[in-house]
Each structure stands twice: as C-alpha cells, then as structure tokens.
Amino acid sequence: MTARYCIDPLDPYAEAQVLVTYREGRPLPALTSVLDGQGRDLLPDLSEACIRILQLEIAVYYGPGDPFAWTLHAVDVAAAPALA
C-alpha cells in the first residue's frame, strides 16, 4: 500500500492536505483511507466526485506507466452520437 499527500477535496481554498493511502490499480488507484490533519478517516463520508478527484490527482502525479491512461475516466460523459 502506498500513501501520498493530496489536496483536501473538501477544502474550498485548496490549502489543506489529506493523507491518502491506496492500492495501485489500473486505470485508477483504489483508495483505502483519507486522513485529515486530526487523523480522522474521511473516506466513508466522501462523495463519488471527491473520491474521483483524489484518484485522478494520484493517477496524474504519481501514477506509473502511461501518463494519459486515466483520461478515459476523467470525465463521465456520454459518447457523441455516431455520424450516419
């Protein structure tokens, strides 16, 4: 398991950090805990959007392999309609 400091997704000013522990995964890591400055685990209370933000931060800055492998998962958008 690996641990990295990331920007706290709940901090509106992006000044606080959280300690994120995770298991390597492709294309995104699997988070196991998100500890704030007081040592509380925030992971159970984080929304899917906040978890995705942390996963993408880790994938972009610390991820092994292809630095753009995560891009397919960066935005959950329906595919454009096929041209006839």
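A few points on the structure. Model, not experiment: these values are computed from the prediction.

### So, the sheet that holds strand β1 (residues 2-7)
So, point 1. Read across the sheet, three strands follow the order β1-β2-β3 without closing on themselves; strand pairing throughout is antiparallel. Unpaired on one side and paired on the other, β1 and β3 (30-35) mark the two borders of the sheet. With direction set aside, neighbouring strand axes in the sheet form an average angle of 30°.
So, point 2. Two elements, strand β2 (residues 17-23) and β3, share five bridges in a ladder whose sense is antiparallel.

### Topic: the nonpolar core
So, point 1. Counting 13 residues, the largest nonpolar core has V18, V20, L31, V34, L46 and L54 as the members making the most contacts within it.
So, point 2. Among the secondary structure elements, those contributing two or more residues to this core are β2, β3 and α1 (48-62).
So, point 3. Of all the elements, α1 adds the most residues to this core, at four residues.
So, point 4. Here V34 is in contact with V18, L19, V20, R40, D41, L42, L43, L46 and L54, once residues within four sequence places are set aside.

### Section: unusual backbone geometry
So, point 1. You will see that A14, though not glycine, has its phi angle at about 55°, which is positive.
So, point 2. Tracing the backbone through its elements, the reader meets A14 in the loop between β1 and β2.

### What about a nonpolar patch on the surface?
So, point 1. On the surface, a nonpolar cluster with roughly 310 Å² of combined accessible area is contributed by V60, Y61 and Y62.
So, point 2. Take V60: it is sitting in helix α1.

### Digging into the side chain of Q55
So, point 1. As for its position among the elements, Q55 is in helix α1.
So, point 2. Once residues within four sequence positions are removed from consideration, Q55 is found in contact with L28, P29 and L31.

Rules and cut-offs
- Residues numbered from 1 in each chain as written.
- Predicted model: local features only at pLDDT ≥ 70, side-chain atom pairs only at ≥ 80, totals over all residues.
- Heavy atoms only, no water.
- Pairing = 2+ DSSP bridges.
- Helix = DSSP H or I, 4+ residues; strand = E, 2+ residues; numbered from the N terminus.
- Axes fitted to C-alpha atoms, helices over the stretch in contact; angles between N-to-C directions.
- Core = buried A, V, L, I, M, F, W, Y, C linked by side-chain atoms within 4.5 Å.
- Buried < 20%, exposed > 50% of the residue type's maximum accessible area, 1.4 Å probe, protein only.
- Contact = heavy atoms within 4.5 Å.
- Patch = residues over 30% accessible without salt bridge, like charges linked within 9 Å, V, L, I, M, F, W, Y side chains within 5 Å.
- Areas by Shrake-Rupley, 256 points an atom, 1.4 Å probe, with all protein chains shown as cover.
- Salt bridge = Lys/Arg side-chain N within 4 Å of Asp/Glu carboxyl O.

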